[in-house]
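Take a look at the letters that make up each chain.
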Amino acid sequence: MRQPPSNTIALDAIKAWRISAILSEAIAWVITITLFVLAVIFDFSIWIPIVAAIISLLTTIIFVFILPKLRWRRWRYEVFEQEIYIQHGIFIVSRTLVPMIRVQHVDTKQGPILKKYQLASVTISTAATTHEIPALLEEDASELRDRISALARVDEDDV
Amino acid sequence: MMSDHRRLHPAAIIFNFIKTLRESLFLIIITFISFKDDYLGWYLLGVGVILILIIVFSILSWYRYTYRIEDNELRIEYGIFIRKKRYISKNRIQSIDLTAGVLHRIFKLVKVEIETASSGSGAEASLKAVSLKDGEALRNELKNVKQVDDSAGENLEEELQNEIPVISQKITVKRLFLAGTTSGSIGVIAAIAAVGFSELEQFIPDDFYDETLELIVSLSIVILIVLGIMGLLILWVLGIAGTMIKYGNFTISRNEEELLITRGLLEKKQLTIPLKRIQAIGVEESIIRQPFGYVSVFAEVAGGSIDKGEELSTVLFPIMKANEVEDFLQKFLPEFITERQELNKLPKRSKKYYLVRSVLPFIVMLAGVGFFIPQFIWIPIVLLIGSMYLGILRQKDAGYRIDDKLLTIRYRMLSKVTMVMHHKRIQSFNRKQHKLHKKEKLATIRLSIIGIMGAGKHFTLKELDEEDSNSVSSWYSYRE
C-alpha cells in the first residue's frame, strides 16, 4: 500500500471522458441558452442567464479540460497473482485491495464512447463489492478479464 | 417415510384466508366508505361474494400445495391454475427456521422456512403450517444429507443428541426486563403513537376537543407536566413489553456446526445459524446501556433473508454485562476471541476531523434557527454541545487490533460497536486519503464483508495513523 500500483489505463481514456463530459455539459448550455431566450421574451433580469452562463463555463472548463487529465494521471491498477490493487481519485486518493480468492466474477463492458476509441472497462465483483477499471485498450481488457478469472479459480473455501 | 406427497396442516387454510383478507381489507374499507349511503345492499352482496371466493381460493391453494422429500431434494408443488414446482437440493439448504405465531401455537403448529444461499429477499421455501412434530422431523431429515435409512438415521440423531452435551444459555427474566428498560425503542414508539393519534383524530368528535381544551386550560401547568411524564412512562412500559415479547425465553445453544436460537413469548421463533455463514461478530454498547455496563452481542450472517421487523444483524444475545462477553464467546464462538479492550487508538491529530464532522450540521442548523426563529436558539445550542461531546467520544472510542487471522475494529455512531472478523471473511480492503490527510499522515480505511441479502456491509475507520493503515493493509494483503 506504500507504493502505488504500476499500470496506467489507456491514454485515450482522457478523450473518452472528455466526450462524455461534453455531452453532459451540453445540457447545461442548452439550459443557459433557453434562459437567455426566456429572459428576452419575458423581459426578466438578464443576470439570471448570465450567472447560468458563468456556471456553465466554469463547469465546462473543470469537467472537460482539467479533470479528465488529472483523473487519468491518478488511475492505476496492478494485478498480482494473489490480489488486485487499484488506485483512483483526484482529491481523495483511494487504494483498494481485492484478493483473487474473493473475486466472484469479472466483466468487460463497452459503451458507444469507449467503442469509438477501441476501449473497454473491466468490472470485478466480490460477494460484497464491485470495482471498475475504466477504459483499457480492448485487447488489454479482455486479456485482463481472462487472466483474473483464471487466477480467481482458486479453490473457494466456504462462503 | 417422507417420500409421499404431503399437505400442510388444514389450519393453513385459515392462515391463507386471513392473509388474503388482510391484504384486501383496505380495499373493503375504502369501498365501504364510498358506497355505504347509496348501494349498501349491493355492497354487502359484493363483499359476500368476495369472501366466498377468498375462502374457496384458500382451500384450493391448500389442496394444491404438496411437499415431499425425494432423491435428497425437497420438492414443493403448488399453484391453483399455474402449477409451480420448486426442487431444493438438500446440499444447498443453508438454514431451516421454525416459527410459531400465536395462531400456530393454538394448533401446535410451526412455520418452516428453508433458506439457500441465493440472494432473494424472502426464504426460498416457506411451509406455512405443519405440525410441530412434522416440522422437526422435516428439519432433521433435511439436515441429514448422508442418511441411508430413515429410521436408523433418526435413532442415530437421538443418540448423538444424548451424547454431546449441548451448550446453551438462557436469558433470565430480570435481564430481559433490563433489556426492555434500556432498549431505547421509546423514541420509535413515541413516533408511532404520534402517527397513530393523527390517524385517530378524525374519529374524535369535535366537541370532545372543545371540552378537553377547556379542561386543559383550567388545569395548572404542573398537572400538564405530570400528564406528559405519565405518557412517556406508558410508552416506556410498552417498550419493555415489546422487548419481553420479542426476546422472551431467549435461548442460544451450539452444536458442532451451528448456533440454535429460540426466542419469543407470543410468536416463538427458532433460528439456525450455520457457523460457517457467520461473517463477523459484534458487541454493541448502546448509549443508554453503556453507563450500566451492559452490552448486546450480534452476528453478521451471510445470505440471510429479512423478515418484517427483524434487524439487519442477528442478535446472539440481547443483553449481558460487558465482562460476561468473554465467557459467552468462549462458550459459543471461541474462534472469535480477541483482547477487545486493548486497541490501537487513533492519533490525537485526528480529533479535529471528528469534531468538525459531527458539529457541522448543527452549526448550519444554528445559523438557520438563529436567523429565522431566534427564540428557539437554545435547541441547536444544546444539540451542538451534545454533538461536540459525541465527536470527541467517537474519536476516543475508535480503534483496531490484529490478532493473527482476526481483525477487531471499534467505532461509534451513537452506540459503541466492536466488530471481530476473520481475515478470510473480508472481501476487500480500501484506503482513502485526501490532501490534508496526506500532509498529516492520516488515512481512512474501509473493510467490506458479505451482509444480508447478498449486499455488502462496510466498516469504516476514519483518520487512522498512516502507519496503522499500512499495517492493516499488509496484514490483509496476500502478497509477501
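From a predicted model like this one, the values you see are computed outputs, not experimental measurements. (Residues numbered from 1 in each chain as written. Chains lettered and ligands numbered in written order. Predicted model: local features only at pLDDT ≥ 70, side-chain atom pairs only at ≥ 80, totals over all residues. Heavy atoms only, no water.)

Some remarks on the UniProt feature "domain: YdbS-like PH" (unreviewed entry) in chain B
UniProt records the feature "domain: YdbS-like PH" (unreviewed entry) at residues 62-141, 249-328 and 398-451 of chain B, using the numbering of this structure. The straight-line gap between the two end C-alpha atoms of residues 398-451 of chain B is 22 Å; of that span, 11% is helix and 65% is strand. (UniProt positions renumbered as here; feature names shortened; annotations may be inferred. Helix = DSSP H or I, 4+ residues; strand = E, 2+ residues; numbered from the N terminus.)

Quick look at the domain arrangement of chain A
Residues and elements named next belong to chain A. Taken domain by domain, chain A comprises domain 1 (8-72) and domain 2 (76-151). Relative placement of domain 1 and domain 2: their C-alpha centres are 30 Å apart. Summing both sides of the interface, domain 1 and domain 2 together bury roughly 1100 Å²; the carbon and sulfur share of this comes to 82%. At the surface where domain 1 touches domain 2, the tally comes to zero salt bridges. The tally of links between domain 1 and domain 2 comes to one residue pair in polar contact (both at pLDDT 80 or more). Listed by contribution, the elements that provide at least two residues to the side of domain 1 that touches domain 2 are helix 1 (13-42) and helix 2 (47-74). (Domains from an automatic or database assignment. Buried area = accessible area lost by both parts, 1.4 Å probe. Salt bridge = Lys/Arg side-chain N within 4 Å of Asp/Glu carboxyl O. Polar contact = N/O pair within 3.5 Å; in protein donor to acceptor, adjacent residues only side chain to side chain.)

So, the pairing of strand 6 (residues 119-126) of chain A
Residues and elements named next belong to chain A. Of all eight residues that make up strand 6, eight are buried, and the element is covered over most of its length. On strand 6, burial covers both faces: Leu119, Ser121, Thr123 and Ser125 on one face and Ala120, Val122, Ile124 and Thr126 on the other are all buried. One ladder, built from six bridges, connects strand 5 (residues 103-109) with strand 6; its direction is antiparallel. Each bridged residue has a counterpart across the sheet, and for Asp107 the counterpart in strand 6 is Thr123. The hairpin turn running from strand 6 into strand 7 (residues 130-137), its antiparallel successor, is three residues long. (Buried < 20%, exposed > 50% of the residue type's maximum accessible area, 1.4 Å probe, protein only. Pairing = 2+ DSSP bridges.)

Examining the packing of aromatic side chains
Residues and elements named next belong to chain B. Under the counting rule described, the total for this entry stands at ten aromatic pairs over all chains. Ring geometry for Phe317 against Phe328: centres 5.6 Å apart, planes inclined by 50°, an arrangement best described as tilted. Taken together, the residues span a long stretch of sequence, with Phe317 in strand 14 (residues 314-321) and Phe328 in helix 10 (residues 325-332) at a distance of eleven residues. Here Phe317 falls in the buried class, since its relative accessible area comes to 3%. Taking 6.2 Å as the distance between ring centres and 45° as the angle between the ring planes, the aromatic pair formed by Tyr411 and Phe459 counts as tilted. Here the residue Tyr411 occupies a position in strand 17 (residues 406-412), and Phe459 occupies one in strand 21 (residues 456-465), the gap between them amounting to 48 residues. Exposure remark for Phe459: the relative accessible area of 2% places this residue in the buried category. Taken together, Tyr247, Phe250, Phe317, Phe328 and Phe332 form an aromatic cluster joined through their ring pairs. (Phe/Tyr/Trp six-rings, centres within 6.5 Å; stacked < 30°, edge-to-face > 60°.)

Quick word on the sheet that holds strand 20 (residues 442-450) of chain B
The strands making up a sheet are joined through hydrogen bonds of the backbone, oriented either antiparallel or parallel. Here seven strands make up an open sheet; going across it, the order is 1(A)-2(A)-3(A)-4(A)-19(B)-20(B)-21(B) and the pairing antiparallel. A single partner strand is all that each edge strand has here, and the edge strands are strand 1 (7-8) of chain A together with strand 21 of chain B. Summarising the sheet, strand 4 (residues 92-99) of chain A and strand 19 (residues 428-434) of chain B pair through six bridges and their orientation is antiparallel. By the bridge assignment, Thr96(A) is partnered in strand 19 of chain B with Asn430(B). Strand contacts of helix 4 (residues 138-151) of chain A: strand 2 (76-79) and strand 3 (83-88) of chain A, with the helix running at about 45° to strand 2 of chain A, the strand carrying the most contacts. (Contact = heavy atoms within 4.5 Å. Axes fitted to C-alpha atoms, helices over the stretch in contact; angles between N-to-C directions.)

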